[in-house]
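The lines below spell out each chain.
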Amino acid sequence: QEQLVESGGGLVQPGGSLRLSCAASGSIFSSAAMAWYRLAPGKQRELVAGIPTTGSPVYGDSVKGRFTISRDNAKNTVYLQMNSLRPEDTAVYYCVARSNGLLSTPRMLPGDYWGLGTQVTVSS
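So, a few notes on the structure that sits alongside this text. Being a predicted model, the structure only gives us computed values, none of them experimental.

**Remarks on the sheet that holds strand E7 (residues 67-72)**
Spatial strand order, E1-E3-E8-E7: four strands in an open sheet with antiparallel pairing. Each end of this open sheet is capped by a strand with a single partner; those strands are strand E1 (4-7) and E7. Pairwise comparison of adjacent strand axes, ignoring direction, gives a mean angle of 15° for this sheet. One ladder, built from six bridges, connects E7 with strand E8 (residues 77-82); its direction is antiparallel. Bridging across to E8, Arg-71 finds its partner in Val-78.

Right, here's the structure in full:
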C-alpha cells in the first residue's frame, strides 16, 4: 500500500501553472517535514521545496518566487503550486516525508517516506 501518493502532474506549456498534491497518512504527516524533490533527465535529484510541521518553507534557488509549498494538516496533504513553469522544470516530482534529517539532502535517508513520483513536462 502506498503511503505517499502524488497527483497533479502532467503536460503544461511554458509559462503555465500546475498544482501538485501529496496525500499522506496522518501518522506520517503529523510528525514529519514534507518536501518535494525532483529528478530531471541528466541531472541529480534536487530539492524543490520543503515545509516543516511548523515554520517557514524553504525553496530551491531555481524555483524561488515561482513555486509555493503549503500543507493542509487537516487533510494530511501537502501541495506544490508551480507558476511560470519553464522547460527546465521538466522532471519527475517526488513527495517526501522526513522526520529526521535536513530537507536540503536530496537523497533518500533512513526513515524517509517517498512517493512514486509524478511526471511534470513543460513543453510547447
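**Some details on the side chain of Ser-21**
By the secondary structure assignment, Ser-21 is in strand E3 (residues 18-24). Setting aside residues no more than four positions away along its own chain, Ser-21 makes contact with Val-5, Glu-6, Ser-7, Trp-36, Thr-77, Val-78 and Tyr-79.

**Focus: the pairing of strand E9 (residues 91-98)**
For E9, the buried fraction is high: seven of the eight residues fall into the buried class. For strand E4 (residues 33-39) and E9, the ladder comprises seven bridges, and the chain directions are antiparallel. Paired with Arg-38 across the strands is Tyr-93, a residue of E9. Across three bridges, E9 lies against strand E11 (residues 118-122) in antiparallel orientation. For Val-92, the partnering residue across the bridge sits in E11 and is Gln-119. As judged from the two bridges shared by E9 and strand E10 (residues 113-114), these two strands associate in the antiparallel manner. Counted as the bridge partner of Val-96 is Trp-114 from E10.

**What about unusual backbone geometry?**
Most of the time, phi is negative for any residue but glycine, and the peptide bond is trans. Residue Asn-76 is not a glycine yet carries a positive backbone phi of 50°. Within the element layout of this structure, Asn-76 appears in the loop between E7 and E8.

Analysis parameters
- Every chain begins its residue count from 1, and numbering advances along the sequence as written.
- Only residues with pLDDT of at least 70 are given local features in this predicted model, and only at 80 or more are side-chain atom pairs given and counted; all residues enter the totals for whole chains, interfaces and linings.
- Based on all heavy atoms of the structure, the side-chain values leave hydrogens and waters out of the count.
- Two strands pair under a simple rule: DSSP has to find at least two bridges between them.
- The way it works is that DSSP assigns letters per residue, a run of H or I at least four long becomes a helix, a run of E at least two long becomes a strand, and they are numbered from the N terminus.
- Every angle, taken between N-to-C directions, lies between 0 and 180 degrees, and every axis is a line fitted to C-alpha atoms, over only the stretch in contact when it is a helix.
- We call two residues contacting when some pair of their heavy atoms lies within 4.5 Å.
- Exposure classes here rest on a 1.4 Å probe applied to the protein chains alone. A residue is buried below 20% of its type maximum, exposed above 50%, and partly exposed in between.

Coordinates in, geometry out; function isn't part of it.
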